[in-house]
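Take a look at the letters that make up each chain.
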Amino acid sequence: MSDFVIGDIHGCSKTTQKLVKDVLRPAPSDRLIFVGDYIDRGPDSKGVIDFILELQQYASFEVIALRGNHEQMLLNAMKNPEEMGLWLMNHGDTTLDSYGLKIDYDNPATTFADFPQEHYEFLKQTSFYFEADDYIAVHAGFDFNRADFKSDIHSMLWTREMVPDLTKTDGKIIVHGHTPFPLDRIENQIMNKDKAINMDNGCKFKEMPGFGHLLAYEPAKQKLFMQANVD
């Protein structure tokens, strides 16, 4: 059995499908763990969630979907129109476009009237972290200054200042995303056996040297897999 922890996707559905189908090729006993940020920035947020739902429903292997800060911003906007501005400042408009939705500025609450119920339920059921035998996957990280660091939802979605403390994780490393790192820095984390491994290579930023790949990490073998952005 192999676990593959997949980094931030941000609307790059074609790249996600190539990584899973052509690079990883999961066996029935394998698990895919997505660390969140499926939406915003890229061209096809809807297609990303369609694909993950298809995997969850029909694939022979297990698929675990964690929540990122972008999913949280969308859920907040759906619940409270006053939260719409923050989400739109973080490229929520690209997600609306992928669903064929437009903002009703006179009545913002109607913006999501035609948002697929299945996708809404998917967003709501996403987990904040996943713990395996040798690692913990999370979107952003943990605040290890807190006694119960696994209850701090804000840090799990938003932190960029994690200082891993493996004495509190029973020696399990942290695999996360959220902050785009250049590929060589990520490869050095793996080579140096760092306490935290970042899987966010800024998939959407394919025009930037050192970025533009969707990554997956196999913790048991300390092996990195990648697919260049094809969206």
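Residues numbered from 1 in each chain as written. Predicted model: local features only at pLDDT ≥ 70, side-chain atom pairs only at ≥ 80, totals over all residues. Heavy atoms only, no water.

Caption draft 1: Fine view of helix H1 (residues 13–24). Its twelve residues give H1 an end-to-end C-alpha distance of 15 Å, which sits within 8% of 16 Å, the value for a rise of 1.5 Å per residue. Inspection of H1 places Ser-13, Thr-15, Thr-16, Leu-19, Val-20 and Leu-24 among the buried residues, and these make up the whole buried set. In this structure, the buried residues of H1 make contact with strand E1 (3–6), strand E2 (31–34), helix H2 (45–58), strand E9 (213–218) and strand E10 (223–228). Following H1 by one or two positions, Arg-25 adopts a phi angle in the positive range, close to 45°. (Helix = DSSP H or I, 4+ residues; strand = E, 2+ residues; numbered from the N terminus. Expected span 1.5 Å × (residues − 1). Buried < 20%, exposed > 50% of the residue type's maximum accessible area, 1.4 Å probe, protein only. Contact = heavy atoms within 4.5 Å.)

Caption draft 2: Molecular detail of the nonpolar core. Core analysis: the biggest nonpolar cluster contains 38 residues, and Ile-6, Leu-32, Phe-34, Tyr-38, Trp-87 and Phe-112 have the highest contact counts within it. In this structure Leu-32 touches Phe-4, Ile-6, Val-20, Leu-24, Pro-26, Leu-55, Phe-61, Glu-62, Val-63 and Ile-64, once residues within four positions along its chain are discounted. By size, the runner-up hydrophobic cluster in this structure holds 21 residues, among which are Ile-64, Leu-66, Val-175 and Leu-224. (Core = buried A, V, L, I, M, F, W, Y, C linked by side-chain atoms within 4.5 Å.)

Caption draft 3: Up close: the sheet that holds strand E7 (residues 196–198). A sheet is described by the order of its strands in space; here four strands give the open sequence E4-E5-E6-E7, paired in mixed fashion. One side of each edge strand has no neighbouring strand; the edge strands of this open sheet are strand E4 (129–131) and E7. Mean inter-strand twist for the sheet, computed between neighbouring axes without regard to direction, equals 20°. Bridging between strand E5 (residues 135–138) and strand E6 (residues 173–176) involves three bridges; their strand directions are parallel. (Pairing = 2+ DSSP bridges. Axes fitted to C-alpha atoms, helices over the stretch in contact; angles between N-to-C directions.)

Caption draft 4: Fine view of the packing of H2 against helix H6 (residues 117–125). It is at 11 Å that the axes of H2 and H6 come closest, and there the two elements cross at 75°. Our classification of the angle between H2 and H6 gives roughly perpendicular. The residues of H6 that touch H2, namely those facing Lys-46, Ile-49, Asp-50, Ile-52, Leu-53, Gln-56 and Gln-57, are Glu-118, His-119, Phe-122, Leu-123 and Gln-125. Of the residues assigned to the contact of H2 with H6, the class counts are five nonpolar, four polar and three charged. (Parallel < 35°, antiparallel > 145°, perpendicular 65-115°, else oblique. Nonpolar A, V, L, I, M, F, W, Y, C, P; charged D, E, K, R; others polar.)

Caption draft 5: Broad picture of the packing of helix H3 (residues 69–79) against H6. Look at H3 against H6: their axes get within 10 Å of each other, and the N-to-C directions meet at 120°. With respect to H6, the axis of H3 lies oblique. Note on packing geometry: the crossing formed by H3 with H6 is left-handed. On H6, the residues that touch Glu-71, Leu-74, Leu-75 and Met-78 of H3 are Tyr-120, Leu-123 and Lys-124. Taken together, the residues of the contact of H3 with H6 sort by class into five nonpolar, no polar and two charged. (Left-handed = near helix turned anticlockwise from the far one by under 90°.)

Caption draft 6: A look at the environment of Ala-27. Considering the arrangement of structural elements, one finds Ala-27 in the loop between H1 and E2. Each C-alpha atom, one on Ala-27 and one on Glu-62, is 9.8 Å from the other, the two residues being 35 residues apart in sequence.

Caption draft 7: How the structure looks around the pattern of salt bridges. Throughout the structure, instances matching the rule amount to nine salt bridges. With a shortest N-O distance of 2.9 Å, Asp-50 and Lys-46 are connected by a salt bridge. Taken as a pair, Asp-50 and Lys-46 lie in helix H2 at a separation of four residues, close to a single helical turn. Residue Asp-50 is classed as partly exposed on the basis of its relative accessible area of 31%. Lys-46 sits in the partly exposed class, given a relative accessible area of 28%. Sharing partners across several salt bridges, the network here consists of Glu-131, Lys-150 and Lys-172. (Salt bridge = Lys/Arg side-chain N within 4 Å of Asp/Glu carboxyl O.)

Caption draft 8: Structural detail: the packing of aromatic side chains. Under the definition given, this model contains eleven aromatic pairs. Judged by centre distance (6.3 Å) and plane angle (70°), the rings of Phe-34 and Tyr-38 are edge-to-face. Comparing Phe-34 with Tyr-38 shows no difference in burial state: the two are buried. Seen in terms of ring centroids, Phe-112 and Phe-115 are 6.3 Å apart; in terms of plane orientation they differ by 80°. Their pairing is edge-to-face. On the accessibility criterion, Phe-112 (11% relative accessible area) is buried. (Phe/Tyr/Trp six-rings, centres within 6.5 Å; stacked < 30°, edge-to-face > 60°.)

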